[in-house]
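Coordinate analysis (summary)
Residues per chain are reported as follows:
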Amino acid sequence: MFRCARTSFRLSHLQRIRHSSSTAYQATRGHGLAITFASTVVAGSVIWYSTSKTYNDAAVPPFNVERPKSATIPFDKPKDPDALSSYVWGSNVNKTLSPNEVTDLVPTPTVAKWLDGVALRDLQLHQRHSACVDAKGDVYQWGDGFFEDKVPTPHLPHLTLRGKNIVQLQLTDDKVYALSSSGKVYTLASAASKQELAPGAPTPASDGWWGTGWLWGEDETVDFAELTPYDTGLGWREQFVSIKAGKNHLLALTSKGRVFAHPVNKKANHYGQLGFSRFSMPDPALPFGKKETHLHIEFVPKSLADPYSNATPSVRLKPTSYTSPNIAEVDDTSIRFCPHLFEIPVLHGIEIAEIATGARTSFARTPTGKVLAWGANEYGQLGLGSNIVLETITIPTEVILWRFTPETTDTKCTGIFAGGDLSAFVAERQANSNAPTLVDVLMSGNGQFGGLGNNAYTTAQSTPSRVKGLSSLVQYSDRTQRLEPIRPESISISPTGHVLATLNSSTESGVWGRDLMVWGRNQSHELGNAKKSTIASPTGLQTPDGERFMLTRKKAKEVKDLHGNVWKKGVNVEQREVVGYENSAVYWKIV
């Protein structure tokens, strides 16, 4: 068969594959012909290499030049094919992409020199601050929001949380949430000035006396806190395995399929995204370590507290408070605003396999392929259909993704992704045991900038619509001698409305690789094509040479941490995409 990594086709072939897949399958059965299907996605792949100075934790020398509004940093051909180079593009106004660069806009994928030779466990981009986890499991933070514009010159990432073996991060406006390999959830401030330990405050030690570094002379200098389950606790050998954060709330999934929620601030339940409204927590006004007094809190969703918010002033009732009066004066930007995670009562007893969050929405997928959604729904982002006209859903409600599918077709959801006011669902369907399995990508929400991927600019889409450029793609497998679906490996949706997706179109070609597809908003070059026009359907990203941009996997000769020291040799790594506020990045992740 044709090798996908060596052959490039035009996008027009996508339609041919979709319309001919069923006919070709019948022909395969009737005539016994070996029909070869290759990947039909146009993208580009190339590995660039750029040398840079070894990372250090000191400030970069002052730049006595004015920041350019836009600049294109030239691509460098790889001098060493085994080098690890990460790429960034889009807005760098707040130094969230390249903290040591003075460029505000990066129109095309450009080498991030501060990540040369580095593989990470996780990388997250926010509006004014960013954070990552290096190979050692330590957390680094940077950006204008982290340094709070107190540093006139660019600075490299700063080590904040160490020795906790962190594997996953989630960012909000004021806080950073970190999940450790042992299943513990930590929180620390997003700004450096708020991480300073208060005079007389004890050293944070969530793991007992052995969790601090006093024995080795490495006491913590950064303030952090641990989030613990409230009241019920976790079962035997149960731990948290995934966390997802919206703008004001956080979801956490345990190894036994239980879902917990955490209020990031007082706006955590304005749209019912917590899944509950009443809970108890220690009084934040009491001194540290003295939390015997508990407050009974109620976060009333706006739709219930102010049901006439969309009415004219002449008939509108006076809105009530959304939060309990007993925490009106409490600072919700503090990492100790609420130290607990609360199990969502409605989901108790229901096993959940995956969670996702949009800006104001929450999703949960069961092992059987059913999806539950709750939260904001004014753009139809929950995907509940046109019959549901409520703008706020406070109770987890099932999303029907196979509304127009024949009853004889076996359909289930295999993946959920969300961001901002957009949601994506990966649905797997099969008409019968002899028919090929087809995989569709469905999206709902605010497609004002083409983020729905359906070649339209719909501001509200309540019934999940099919993304034709990523749906029902198949290729012939020599191994199984039948048609196999081309599956989307991951979908990253930004809070500002652009989308990146990867297609595993080279599985049967003998070369592991994933085509990078982009669409949606593009006002700050976040799609990486050197243009500012939006794209309403998935388009393959290409290099300046016209080659497919493919994310690859390999065994790195060596992996460095963010101090430039070799962490380990012979490490399996793969490229992963990540999106932020009007920007994007591709980095090497340890697998």
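For the structure itself, consult the block above.
Before going into details, it helps to say that this report is about the structure given with it.

Thresholds, definitions, all that
Residues numbered from 1 in each chain as written. Predicted model: local features only at pLDDT ≥ 70, side-chain atom pairs only at ≥ 80, totals over all residues. Heavy atoms only, no water. Helix = DSSP H or I, 4+ residues; strand = E, 2+ residues; numbered from the N terminus. Buried < 20%, exposed > 50% of the residue type's maximum accessible area, 1.4 Å probe, protein only. Contact = heavy atoms within 4.5 Å. Areas by Shrake-Rupley, 256 points an atom, 1.4 Å probe, with all protein chains shown as cover. Phe/Tyr/Trp six-rings, centres within 6.5 Å; stacked < 30°, edge-to-face > 60°. Pairing = 2+ DSSP bridges. Axes fitted to C-alpha atoms, helices over the stretch in contact; angles between N-to-C directions. Salt bridge = Lys/Arg side-chain N within 4 Å of Asp/Glu carboxyl O. Core = buried A, V, L, I, M, F, W, Y, C linked by side-chain atoms within 4.5 Å. Lys, Arg positive; Asp, Glu negative; His and termini not counted. Polar contact = N/O pair within 3.5 Å; in protein donor to acceptor, adjacent residues only side chain to side chain.

Attention now moves to the overall build of the protein. Within the protein, the regular secondary structure consists of three helices and 34 strands. When burial is assessed residue by residue, the protein has 56% of its 591 residues classed as buried. Pairs at least 24 apart in sequence give 59% of the contacts found in the protein among residues at least 6 apart. Accessible surface computed for the protein: about 25700 Å², of which carbon and sulfur atoms make up 51%.

This next bit is on unusual backbone geometry. Of note, the phi angle at lysine 95 is positive, near 60°, even though the residue is not glycine. Classification of lysine 95 as buried rests on a relative accessible area of 3%. The backbone of asparagine 455 sits at a positive phi, close to 65°, despite the residue not being glycine. With respect to the helices and strands, asparagine 455 occurs in the loop between strand S23 (438-445) and strand S24 (461-466).

A complete count under the given rule lists 12 aromatic pairs for this structure. Look at phenylalanine 279 and phenylalanine 342: their rings are 5.0 Å apart centre to centre, the planes differ by 50°, and that puts the pair in the tilted class. Of this pair, phenylalanine 279 sits in strand S14 (residues 278-282) while phenylalanine 342 sits in strand S16 (residues 340-343), placing them 63 residues apart in sequence. On the basis of relative accessibility, which here comes to 7%, the residue phenylalanine 279 falls in the buried class.

Another point: the sheet that holds strand S1 (residues 87-91). Ordered by their spatial adjacency, five strands build an open sheet running S2-S1-S34-S33-S32, and the pairing between neighbours is antiparallel. In this open sheet, the two edge strands, each paired with only one partner strand, are strand S2 (105-111) and strand S32 (553-560). For this sheet, the mean inter-axis angle between neighbouring strands, taken without regard to orientation, is 30°. Sheet topology note: the S1/S2 ladder contains four bridges and is antiparallel. Bridge pairing links tyrosine 87 to valine 111 in S2.

This structure, assessed with the given rule, holds 17 salt bridges. Across the pair lysine 95 and aspartate 104 runs a salt bridge, and its minimum N-O distance is 3.3 Å. Neither lysine 95 nor aspartate 104 differs from the other in exposure class; each is buried. Each of Glu238, Arg258 and Glu343 takes part in salt bridges that share partners, so that together they form one network.

Attention now moves to the environment of histidine 525. Residue placement: histidine 525 occurs in the loop between strand S29 (514-520) and strand S30 (535-540). Owing to a relative accessible area of 7%, histidine 525 belongs among the buried residues under this scheme. In the structure, histidine 525 is positioned 59 residues away from serine 584 in sequence and 9.1 Å away in space, judged by C-alpha atoms. With residues near it in sequence (within four places) discarded, histidine 525 still touches Trp89, Gly90, Leu105, Val106, Pro107, Ala530, Lys531 and Lys532.

So, about the nonpolar core. Grouped together as the largest cluster of nonpolar side chains are 39 residues, with contacts concentrated most on Phe299, Ile327, Ile344, Phe363, Val371, Trp374 and Phe425. If one sorts the elements of this core by residue count, strand S19 (residues 371-376) sits on top with four residues. Dropping the residues within four chain positions of it, isoleucine 327 is found in contact with Lys266, Met281, Leu295, Ile297, Phe299 and Phe337. In terms of nonpolar packing, the next biggest core, distinct from the first, is built from 33 residues, Met443, Leu500, Leu503 and Leu527 among them.

Looking now at the side chain of lysine 589. Take lysine 589: it is sitting in strand S34 (residues 583-590). Buried charge without a salt bridge: lysine 589, with aspartate 122 as the nearest opposite-charge side chain at an N-O distance of 5.0 Å. Within the local environment of lysine 589, its side chain forms a polar contact with the backbone oxygen of arginine 121, the two atoms lying 2.3 Å apart. If near-sequence neighbours (up to four positions away) are discounted, lysine 589 is found in contact with Leu120, Arg121, Asp122, Asn572, Val573, Glu574 and Arg576.

The mixed open sheet is built from eight strands, whose spatial order is S7-S8-S9-S10-S16-S13-S12-S11. Every interior strand has two partners, whereas the edge strands, strand S7 (166-171) and strand S11 (240-245), have only one. On average, each strand axis in the sheet is inclined to that of its neighbour by 30°, with strand direction left out of account.

This next bit is on the side chain of histidine 498. Inspection of the secondary structure assignment puts histidine 498 in strand S28 (residues 498-503). A polar atom in the side chain of histidine 498 sits 2.8 Å from the side chain of serine 494. Reaching out from histidine 498, the side chain makes a polar contact with the backbone oxygen of asparagine 583 at a distance of 3.2 Å. In contact with histidine 498, not counting residues within four places along its chain, are Ser492, Ile493, Trp519, Gly520, Arg521, Glu526, Leu527, Val579, Gly580, Glu582, Asn583 and Ser584.

This next bit is on the environment of alanine 376. In this structure, alanine 376 sits in strand S19. Remark: the alpha-carbon pair of alanine 376 and arginine 360, spanning 16 residues in sequence, is separated by 5.6 Å. Excluding residues that lie within four positions of it along the chain, alanine 376 makes contacts with Tyr271, Arg360, Thr361, Gln381, Leu382 and Glu391.

It is worth spelling out the environment of serine 130 at this point. Considering the arrangement of structural elements, one finds serine 130 in strand S4 (residues 130-133). For the pair serine 130 and proline 157, spaced 27 residues apart in the sequence, the C-alpha separation amounts to 8.9 Å. Among all residues touching serine 130, those that are not within four sequence positions of it are Thr96, Gln124, Leu125, Tyr140, Gln141, Trp142 and Leu171. In terms of polar contacts, serine 130 uses its side chain to reach the backbone carbonyl oxygen of threonine 96, at 3.1 Å.

Moving on to the pairing of strand S9 (residues 185-189). The buried fraction of S9 amounts to five of the five residues, a majority that puts the element mostly inside the structure. Burial of the side chains of S9 extends over both faces: Val185, Thr187 and Ala189 are buried on one face and Tyr186 and Leu188 on the other. Of the strand pairs in this sheet, strand S8 (residues 175-180) and S9 are connected by five bridges, and their pairing is antiparallel. Directly across from alanine 178, in S9, lies its bridge partner tyrosine 186. Between S8 and S9, which pair antiparallel in sequence order, lie four residues; one of them, glycine 183, sits at a positive phi of approximately 90°. When S9 meets strand S10 (residues 225-229), the two strands line up antiparallel, connected through three bridges. Note that in S10 the partner of threonine 187 across the bridge is alanine 225.

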